[in-house]
Structures are given as structure tokens and as C-alpha cells.
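If you want the building blocks of each chain, they are given just below.
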Amino acid sequence: MKLAIDMLLHVSTHKGRWVYFFLAVITAFAAFQMRLIQIDTDPENMLAESHHSRTFHNEVKQTFSMHDAIVVGLVVPEKGAKSDEATSGIYTPDTLAAIHQVTDHVLDIEGVISQDVMSFSTVDNIKQGSDGSLEFSWLMASPPETASASAELQKSIERLPLLYDTLAASSGNAAAIYIPIADKNESYRIAQDIRAYLTNVDTAGQWHITGLPVAEDQFGVEMFVQMAIAAPAAGAMIFILLFLFFRNWSLITAPMIVAMATVIITMGALIGMGFTVHIMSSMIAIFLMPIAVVDSVHILSEFSDRYKPGENAGKVITHVVEHLFKPMLFTSLTSSAGFFSLMLTPIPPVQIFGAYIGFGILLAFLITLTFIPAYISRMSPAALSKLQVALHQNEEADNNEGSTTLLKRTVTKLRYIALNHRALIIAVFGAITLVSAWGITQININDNPVRWFKQDHEIRVADRALNAEFAGTYNAYLVITDTNKSIDAIKVLNEANLPSSLDEWVEQTQVSINQSDDANKMSELAMRIDDALFSNLDDDELTALDNLLQVVDAANGNANTFQQPAVLAHIEKLQAYLDTQPLIGKSQSLVDVVKVVNRELRSGNEVDYALPANNRGVAQTLMQYQSSHRPQDLWHFVTPDYRQTLIWLQLTSGDNQDMTNVISLVEDYFANNPLPEGLSYDWAGKAYLNVVWQENMVTGMLESLLSAFVIVFVMMVLLFRSLVFGVLAMLPLTITITFIYGLIGIVGKDYDMPIAVLSALTLGLSVDFAIHFLARAREIYKETGSVPDTLDAMFDEPASAITRNALVIALGFTPLLLAPLVPYITVGVFLASIMAVSALVTLLVLPAAMVFLKRWVFKGA
């Protein structure tokens, strides 16, 4: 190993131009790959494509022709309720005309599923005609011109449970347009088109646009902008900090080149290999920028201390790198191991994030070992002379007020506390750790893509406004399936023992059944029998077909599961239960379709808003419904063979915790009210998928953290060749992880995606400071043979370097605090906290622990 390092340093210090050349070529090639970048913010991709919940969700969308939808809402000021006021809120001619106008524009937008758009002007009014027949007419074929016509529209909507509180708020102050789209990745474009059009619509009230698809797609657009701003801003912050520390432009250019080359090569490799840039991988540049300069800061700190005028810079930097190689190697390996552990999670974007951060850390280590020595060895005598002047100025500044003095004073105070109050330090940090452990038990696991925006963002404002007015803009689908084996119509026909005189009819019926598009072939057989019964038949033929029809009717009664009143009654009771739950704004199902049509087929009064008494009554209502302007709506609730049905739940909250509670409510209901034999249920919808991937992430992160903790501990024991040193190295990261996550639980911050990923960074970086501290302490003790002298020496250059690194990394993330996106702010706040706590624990707890354990730490002391 030493021979390889010596050869590498020899090449770097004597063939620096080749180092420059190869680094420039690789960086340029990686930068060229970035032209292929593809942004992906779809939470669905947090699950593997083969995951059951994801595949079932997509099957449900295809089976029931469900599409991701954008919700456009209009909320008008509430009017005073006067006795002579016929209409208020949205039910005015001007407002309804504006809704009609916007709907017409929406229908012409490319990418919108126009036949499924739900608005006042695109849905049916179902009512009883003047002659008692069922009548389907457009709810708002044209905007009403009078207040009385607007009032009639309001009455019609209030009689239609499928629309009431979905398209029109029960308060009468808001209206919504549901816009299904062919491709959810086009939702931002479509939303922007609508926003631009709404600026020209003259109406009272405020227009809002929300929905998970547009929130996710808009996050992707803003994330791309954030990437372009935050990474350079972090680089600028680090550059300023390095200048404050070293006061030499030429010297600090080197670590900045290391950081930028690391980021460009890593991101270029990710994009070039065909991976999309997800919310997780978008943070790679921000994570790597500060981490990549850590080793450079250690090298520059020691080089600044060791270099004297007239010395050979190449020899000095070689000695420095050889001296720091082992702790730098240890920290790079452990940091990368922390991130590589994320590959154990079942979340593909997290796996990619962990893999490329881990790769980037090792890449930064390699570039640091080669480029920094090459750069410093090639510095001109004039530049080195300026460096000496800067270092002299730093020494003078130590005696004056300023930033360097503050750093030195801070380290001096830490030295005093660490060496004079060891018992108090152990007691205080022990108590903090115990309280933090309790705080971890209070952590609330929750996430919601809409909450990725700040409170005042238009997406958040729209979400609050529309969910306050309507039954909910978040969707979950409860799918009930008949798992009983379907009846074979051909088999029933062949086993009927019909007279030979009907052989020709049997052959024609077999052909007709096989060619039928109807998913339920038994229905086709029943129709063929009905037709035959009205033809010229003898008594034997008539009797045989009549008997067959009875068999088919009985079979159809079992086959058309969701035409059976008894089965629909189960769903009706379930909906009645769900509608009493505060978390559920509303539920819709096939039952609502049947009850509305049945009411208008009969008296038109609410007394007949009920399920028909038999299968034929249900079948009649559904057949009538298919003569409406939107017959395809039926298949959003049931499959053509009536063996699978969907209950659409509208939720006012997209929080995972709320969806989890809804799932528990349904489980409890079915535990007490089991479905009929042969029926099973499952979940689909974006709100449900978010719960699944969040649970997978929490479980996966816990497993990866535990496995990484064990791996890093083993690495520490092997690298230090000491069990005691291995335990000491793990002490700062253990305290830091416990404190940070305990604090999250105590302050009530939701444990969401960014927080989950920070565990890897906490583990990787918290152990870095401990490695440098312990490795340097061991080396200094070998030179001094004195424990007090060793600890005193540790609070000179080593403690200063650790403090500088903590500041560089912590402050390097501060540009994230200005981001408009909450995940980036979260990462910035907690990373700064992690660095501060881990550096503090390293400089306070480790010296105290080393003194208490000096018999084993400093053997022979």
C-alpha cells in the first residue's frame, strides 16, 4: 500500500500536467453527458416496477379507465344570505358563464382526456321527464341567463350525489373542474396553459389549480431551477469560507476544483448511464460539494502549518499526504459505506442516490490524492511567497479581533471544557442521549408531495382552499373483486341436452358467444335464448330453451356479482360508514349510480332513492344509464362482467398518516362486517401508493442504518486494530444520530423522505471527525508518550481542522435555507445541525472518554 501511495504522489508532484489533462478530459466528458438529463418527481417511482401495489394500481387505472387528474377550482366570496336573494356564490349567470368558458378552453388542450372531463357543462342531469320516463340532458348545455335558471341548476346538482360536493361545494361558494390527462408528466404544461387562460377570465372569486399530478410535475420544474441555483451558491459559500480560513486565493482554488470535478463527474455518470434525476438524486450535487473539500481542508491546514519559506513544496505536500493518508482513507471508506448502505433499501431512487454519493466520496478522495499534490507542487515561488504573507497575516489576526480569532477562541474554550470537566461532559451528554432516545419514540412518520412546497406557494394555497370547500382533491380507490371462478357459457350450452332440431341454432350461438365483446359471455347466451323464444318453436324446443334460460338466469345471478342487490347492499353500508368518518370527505360507487337512476325511473322522490329489489331491477337501471351522454362513466365503477367494482374515496388530506388511518378504518369495518364469500378487496390510488413507499422507506432506512452501523463498527475495529478505538470511533455518531432523530420527535417534525435519507449522512460524516481525532491522537502519543501533552496537542491543528471542516460543510449547506422547496430547506437545516453536533461531540466527549479509558487507549500510560 505504501509503495502504491508513494508512486501516486511521485506522479502527482512530478507529472502534474498529466493529472490536469486526465481530470479535464474526464470532467468535460461527464459534463457533455448532462445534455441527456431527464427529471422525474413521480412518487410512484419510489416503488420498483414489479412491486405488487404499483402493478395493481396500474391495472386498476387501466381496468376502470382512470386517469391522473388536475383539479381547477373557483372559490367566490360568500354572499350575505338575504331572504329575497334567489342565488348566491357560484350560482350566478356571470360565474356560471365563466365556468363554461374555462371548460370549453380545457377541452381543447392537447393531452386532456376530453370525454372524461367533469364540469357543469360536460355532465348529465338525470331526472324524470314530464311523461314519467327517464331523461338525460346536459346539466349546463349553455350558461343560464337568469337568476331563476341558476337556482334551478343548483337544485339539480343537489339531487345528484355523484356531483354534489365534488363539482359543486355544499356551501355554494365553490365549483370544480376535474381534468383527466393522458400523461401525468404533462400536467405542469397543461396547468400553465390553464393559468395563462384564467388571467383573461373576468369573474368574481379566486381560481385555484391543484392535484397530486400537477404538484409533482411542478416540483420537478422548480427542482431543476433549484439545482442550478443551490449548487453554485453552495460552492460560493465554501469558497468564501476557505478564503477566510487560508487568506490565499491560489491555495483555495485547488479544493474548489476538486469539489466541482467530483460533482460534474458523478452527475455526468448518473445521467450518462440513463438514470433519471429524481428528488433524491437532485441533491447529490449539494451533498457532494461540501463533502468533497473535507480532505482538502485537512491537507491545506497541515500544509499551511508545515511549509516554511524556501522549502520544496512538492516534498512538503508529499509528507503531509502520507501523514494524513490513513485517516483520510478511513473517513472516505466509512462515509461511502454509510451511503452505499442505502442500496439495501427497497426504494430505487434512494438506491441510486446512495450508490452515486458513495461513488462520489471515493472519487473525491482519489482526486484529492492526485490533484492537490499536483497543484501545490506546481505553485510558483511567487505564489508560495504570497501564501507565507497570508499565513503571517493569519498569525497576526490571531492576536486581534476577527473571524480567525473567533475560531481560535472557540477551540480554546472547547479545550478547557473537555480537559477540565470530563465527568460533567459525560453526565450531560448521557442525559441528552437518554432524552433523545425517548424523543425517537415520538417520531411521526408522514409525508405528502404537496407539503414539499412552502406554505405560501400557489400549490399549497390552492390545496387548502379547495379541500376546505369540497369533499377532497385526494383520491384513493377501494377495489372489490369476485374471486370465484367464472361460469363458462359454452360449457353450459353444451351440457343443456337440447333437441337435435336446435343443432344449427346451437352452432350459431357458439359462434356468437365467442365473438361477443361482452366480458360476461353468459349475458350473450341469455340474449340469444330470449330471441329464440320468440321464434317458431315446437313444444319440446320451447321447453328445453325455457329450462336452459332458467339455468342461465341462475348462473347470471351468480356471475354478475355486482348486479346483485345483496352484494350492493354491503357496499352501501360500507359507504354509509365511511361517510361518517372525518378523514373521508365522500365516497362514490356503482351503488350511487343505481340509486339515482332507480329514483328517477320510479317516482322521482327521495323515497325511491334506494337499491332495486332484484337483479333485473339493477340491470335495468344500468342499461338505462348507458343511454346517457356519458355511458363510459359506468365503467369507472364496475367492469363489464360485473365481477370487479371500485369505490372512489375523496380525501381532504394527502398526508400518509391520514391515509393509513383510512386503511385501518376499512380493515376494522371488514373485520366486523365480512364481505360475502369469494369477495376480496385491495387498494389503489396515489394517496395509497404514497403510504406504501413511505412504509418501505422507513423499514428500508432502518435496516440500512443498522447494517451500516455494524459495517462501520467492524471497519473501525479492523482499521484501528483495536476494539476500544472502534467503540470510541462510534461514540460521536451514536450520540449525534440519537440526538438529531430524538429532536425530530420532540419538536414534532414529520419523519419524511429527506429526513429518512439524512441517517446515511449522519452516520458517514459523524464518524469522520472521530477518525481524524483518534488517528492523530494515536500518532501524537507515540511522539510524546504523555497523555496531557497529547490532548493539548490535539487542540491545536487537529481540532482547528475539524472545526474548519464542520463549518465548511455546515455553512456550505446554508444556501438551501433560501430554497422555495421544503425538502431542500429540511436538508439544509438538519445537515448544519448534524455537523455542529458531531463536531461538538467529537471535541468534547472523545477526550473525556479517552481519559476515562486511558489504560486501554494509551497503553503504558
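Criteria and thresholds
Residues numbered from 1 in each chain as written. Predicted model: local features only at pLDDT ≥ 70, side-chain atom pairs only at ≥ 80, totals over all residues. Heavy atoms only, no water. pLDDT = per-residue confidence, 0-100. Contact = heavy atoms within 4.5 Å. Salt bridge = Lys/Arg side-chain N within 4 Å of Asp/Glu carboxyl O. Helix = DSSP H or I, 4+ residues; strand = E, 2+ residues; numbered from the N terminus. Buried < 20%, exposed > 50% of the residue type's maximum accessible area, 1.4 Å probe, protein only. Core = buried A, V, L, I, M, F, W, Y, C linked by side-chain atoms within 4.5 Å. Pairing = 2+ DSSP bridges. Axes fitted to C-alpha atoms, helices over the stretch in contact; angles between N-to-C directions. Polar contact = N/O pair within 3.5 Å; in protein donor to acceptor, adjacent residues only side chain to side chain.

This part covers the confidence of the model for the protein. Mean pLDDT over the protein: 85, with 93% of residues reaching 70 or higher. Long-range and interchain partners of residues 80–87, a stretch whose pLDDT sits below 50, account for 7 contacts in this model, where long-range means more than four residues apart.

For side chains of opposite charge, pairing can occur when their charged atoms come near one another. Throughout the structure, instances matching the rule amount to 20 salt bridges. Notably, a salt bridge pairs Arg54 with Glu44, separated by 3.4 Å at the nearest N-O pair. Taken together, the positions of Arg54 in helix H3 (residues 52–63) and Glu44 in the loop between helix H2 (16–33) and H3 put the pair 10 residues apart, joining distant regions of the chain. Taking relative accessible area as the criterion, Arg54 reaches 10% and is therefore assigned buried. On the basis of relative accessibility, which here comes to 7%, the residue Glu44 falls in the buried class. Ionic pairing is found between Asp655 and Arg451, a salt bridge with its closest N-O pair at 2.8 Å. Taken together, the residues Asp655 in the loop between strand S8 (644–651) and helix H24 (656–672) and Arg451 in the loop between helix H15 (422–440) and helix H16 (458–469) connect sequence positions 204 residues apart. By relative accessible area, which is 8% here, Asp655 ends up buried. One continuous salt-bridge network, built from bridges that share partners, spans Lys61, Asp68, Glu216 and Lys686.

A few words now on the nonpolar core. With 262 residues, the main nonpolar core has Phe120, Ile376, Met659 and Trp683 as its most contacted residues. At 17 residues, helix H12 (residues 348–377) tops the list of elements feeding residues into this core. Excluding its chain neighbours within four sequence positions, the residues that come into contact with Ile376 are Leu251, Leu300, Phe303, Ala313 and Ile317. Leu493, Leu525, Ala532 and Val552 belong to the second largest nonpolar core, which has 19 residues in total.

If you trace the 3 strands from one edge of the open sheet to the other, you get S4-S1-S5, paired in antiparallel fashion. If you trace the sheet from one side to the other, it starts and ends with strand S4 (174–180) and strand S5 (206–210), each paired once. On average, each strand axis in the sheet is inclined to that of its neighbour by 15°, with strand direction left out of account. Here strand S1 (residues 69–75) pairs with S4 via 7 bridges, running antiparallel. Bridging across to S4, Val71 finds its partner in Tyr178. Docked against the sheet, helix H6 (residues 187–198) engages S1, S4 and S5, running at close to 175° with respect to S5.

Further remarks concern the environment of Pro161. Within the secondary structure, Pro161 sits in the loop between helix H5 (147–158) and S4. By relative accessible area, which is 24% here, Pro161 ends up partly exposed. Sequence separation of Pro161 and Ile37 is 124 residues, and the distance between their C-alpha atoms is 46 Å. In contact with Pro161, other than residues within four places in its own chain, are Lys586, Val596 and Tyr609.

Here we take up the side chain of Ser786. If you trace the backbone, Ser786 turns up in the loop between helix H27 (753–784) and helix H28 (787–794). Given the relative accessible area of 19%, Ser786 is considered buried. A distance of 3.3 Å separates a polar atom in the side chain of Ser786 from the backbone nitrogen of Asp789.

It is worth spelling out the sheet that holds strand S6 (residues 474–482) at this point. Strand order in the open sheet formed by 4 strands is S7-S8-S6-S9, and the pairing between neighbours is antiparallel. Of all strands in the sheet, those with a lone pairing partner are strand S7 (584–588) and strand S9 (679–684), marking the two edges. Neighbour to neighbour, the strand axes of the sheet diverge by 25° on average, direction disregarded. Where S6 meets S8, 8 bridges bridge the pair, whose relative direction is antiparallel. Opposite Tyr474, over in S8, you have Leu651 as the bridge partner. Across the sheet, helix H25 (residues 686–720) touches S6, S8 and S9, and the angle it forms with S9 is around 80°.

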